[in-house]
Amino acid sequence: MSRGMTGFLSLTIKDTVSLYESYMPFLEGGGVFIPTSKKYHLGDEVFIRLTLMDDPEVLPVAGRVVWITPEGAQGRKRAGIGIQFASADDTVRTKIEAHLAGTLKSERETSTM
C-alpha cells in the first residue's frame, strides 16, 4: 500500500557499467536500483532526478519502491532500493536502453538480481 510521496532522490550514472548494474529491465516500465542507507518501505512513492552519463538533461522520474536491499545483505550487495518507474511514458526507459544497446543480455552481475 502506498503511503504517498515519501522521498526525493538524485541519481547520477556516469558510465555504461554503472547503468548496467543499476537498471532493472525485468520490471514493467523499467526501473533502477539506487544505493541508499535511508529507510524506505515497499510501495513508497519517490521522485528521482536522474542524470545519465554526459547528458546535460536531468530526467524527472516518478516511481515506487519495489525492492529493498538492507544493510549487511548476503553476497555483499550494496544497500539500496529498487524503484519501478511509474510513468506510462517510456522516454526514460528508451534512453537507458539506448545507452545499454548490446549489453542487456550480458551475464555480468548487477546490483539487482
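Residues numbered from 1 in each chain as written. Predicted model: local features only at pLDDT ≥ 70, side-chain atom pairs only at ≥ 80, totals over all residues. Heavy atoms only, no water.

A. Here's a closer look at the side chain of Thr-51. Relative to the assigned elements, Thr-51 resides in strand 3 (residues 45-52). With relative accessibility at 16%, the residue Thr-51 sits in the buried group. Setting aside chain neighbours within four positions, we find Thr-51 in contact with Leu-11, Thr-12, Ile-13, Glu-57 and Val-58. (Helix = DSSP H or I, 4+ residues; strand = E, 2+ residues; numbered from the N terminus. Buried < 20%, exposed > 50% of the residue type's maximum accessible area, 1.4 Å probe, protein only. Contact = heavy atoms within 4.5 Å.)

B. Region of the structure containing the pattern of salt bridges. Inspection of every chain in the model, using the stated rule, returns 3 salt bridges. Between Asp-55 and Lys-95 there is a salt bridge; the shortest N-O distance is 3.7 Å. Here Asp-55 is found in the loop between strand 3 and strand 4 (58-69), whereas its partner Lys-95 is found in helix 2 (residues 91-99), with 40 residues between them in sequence. Given a relative accessible area of 25%, Lys-95 falls into the partly exposed group. Salt bridges here are not isolated pairs; linked through shared partners, they connect Asp-55, Glu-57 and Lys-95. (Salt bridge = Lys/Arg side-chain N within 4 Å of Asp/Glu carboxyl O.)

This is a description of form; function is not addressed.
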